[in-house]
Structure formats: C-alpha cells, structure tokens
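Single-letter residue listing:
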Amino acid sequence: QVQLVESGGGLVQPGGSLRLSCAASGSIFSDNAMAWYRQGPGKERELVATIASGGMTNYADSVKGRFTISRDNAKNTVYLQMNSLKPEDTAVYYCNAGRKYGSVYIAFDYWGQGTQVTVSS
C-alpha cells in the first residue's frame, strides 16, 4: 500500500515560518527522490523543491533562500521548512515520490491529500 500523508499547514503572517511534513510508506520512500509541489487558486501545480535519496536538493527560483527541503530516512519522512513566507506562497502543498537525474525530477503518480498553507495578515 502506497501512502503519502502531508501535515503542518496552516495560517501564518507574511514573514513567518512554517514546517511541513510528509510521512511516506517505506516502499515508496526507499531509494526514491522526494519532492514538494504546490498549487494556488486558479494556478497550475508547481514543483517547489526536490531531494534525492542521497540528499542533493534543488529549488524553484521563487523559493530559493527561503525554503529548505530535508529528509529523515529512518522515519520515512520528508520536510519543507518555509521561512520568510509571502502571500504568493499561499497554496495547497503536496508531496511526491520520484526519481532525480541531476537536477531533473521525474514524478511518480503518487500524491497525498495535500496541506493548506495560507499566508495573510
């Protein structure tokens, strides 16, 4: 059974921080790259950050310097630390498993339910 469960979203003021978590089943987590996507209202789903099984990371230009993706292989969990949040970061955030070839990320068709992040005063 493949399972991805996102958590940690909520309402935060501009400039604030939030940490998202994604718990994955061992079968999908092991040896795979992981990623965070987001989808704002009326927008296409956007790749935010990726992390290879060995720890190499890549980020969308819009979040570089503000977001950090990490993984705890022992816990089968991937995290997204979001700092200096902006209103344009408002979206539903999804985690995903896939493969990385350098900076290129290829997604598998496995998605969680997503967690809502709202950045507003």
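Bear in mind the structure is a predicted one, so any value in this text is a computation, not a measurement. (Residues numbered from 1 in each chain as written. Predicted model: local features only at pLDDT ≥ 70, side-chain atom pairs only at ≥ 80, totals over all residues. Heavy atoms only, no water.)

Caption draft 1: Structural detail: the side chain of Asn96. Within the secondary structure, Asn96 is located in strand β9 (residues 91-101). Taking the relative accessible area as the measure of exposure, Asn96 reaches 0% and is therefore buried. At 2.5 Å, the side chain of Asn96 and the side chain of Tyr105 are in polar contact. For Asn96, the side chain forms a polar contact with the main-chain oxygen of Phe108, separated by 2.8 Å. (Helix = DSSP H or I, 4+ residues; strand = E, 2+ residues; numbered from the N terminus. Buried < 20%, exposed > 50% of the residue type's maximum accessible area, 1.4 Å probe, protein only. Polar contact = N/O pair within 3.5 Å; in protein donor to acceptor, adjacent residues only side chain to side chain.)

Caption draft 2: Spotlight on the pattern of salt bridges. Per the stated rule, a full pass over the model turns up four salt bridges. A salt bridge links Glu46 to Arg38, with the nearest nitrogen and oxygen atoms 3.0 Å apart. One salt bridge in this structure joins Arg38 and Asp89, with 2.9 Å as the shortest N-O distance. Separated by 51 residues along the polypeptide, Arg38 in strand β4 (residues 33-39) and Asp89 in the loop between β8 (77-82) and β9 bring together distant segments of the chain. The same class applies to Arg38 as to Asp89, namely buried. (Salt bridge = Lys/Arg side-chain N within 4 Å of Asp/Glu carboxyl O.)

Caption draft 3: Structural detail: the packing of aromatic side chains. One pass over the structure, following the stated rule, counts three aromatic pairs. Taken together, a centroid distance of 5.0 Å and an interplanar angle of 75° make the contact between Tyr37 and Trp111 edge-to-face. Residue Tyr37 is located in strand β4, and its partner Trp111 is located in strand β10 (residues 104-111); the two are separated by 74 residues in the primary sequence. For Tyr37, a relative accessible area of 12% gives the class buried. An aromatic cluster of at least three residues, connected via ring pairs, comprises Tyr37, Tyr105 and Trp111. Positioned over the ring face of Trp111 is Arg45, at 4.4 Å from the centre of the ring. Positioned over the ring face of Phe29 is Arg71, at 4.3 Å from the centre of the ring. (Phe/Tyr/Trp six-rings, centres within 6.5 Å; stacked < 30°, edge-to-face > 60°. Lys NZ or Arg CZ within 6 Å of the ring centre and 35° of its normal.)

Caption draft 4: How the structure looks around a nonpolar patch on the surface. Together, Tyr101, Val104 and Ile106 line one region of the surface with nonpolar side chains, adding up to about 300 Å² of accessible area. Of note, Val104 is situated in strand β10. (Patch = residues over 30% accessible without salt bridge, like charges linked within 9 Å, V, L, I, M, F, W, Y side chains within 5 Å. Areas by Shrake-Rupley, 256 points an atom, 1.4 Å probe, with all protein chains shown as cover.)

Caption draft 5: Structural view of the nonpolar core. Counting residues in each nonpolar core, the largest one holds 27 residues, and the members touching the most others are Trp36, Leu80, Met82 and Tyr93. Of all the secondary structure elements, the ones that give two or more residues to this core are β3 (18-24), α1 (26-29), β4, β5 (46-51), β7 (67-72), β8, β9 and β11 (115-119). Excluding anything up to four places from it in sequence, Leu80 contacts Leu18, Arg19, Leu20, Trp36, Val48, Ala49, Phe67, Thr68, Ile69 and Tyr93. (Core = buried A, V, L, I, M, F, W, Y, C linked by side-chain atoms within 4.5 Å. Contact = heavy atoms within 4.5 Å.)

Caption draft 6: Local environment of the pairing of β10. The pairing of β9 with β10 spans five bridges and is classified as antiparallel. Its bridge partner lying in β10, Arg99 is registered against Ile106. Here β9 hands over to β10 after two residues, with Gly102 in that stretch at a positive phi of 70°. (Pairing = 2+ DSSP bridges.)

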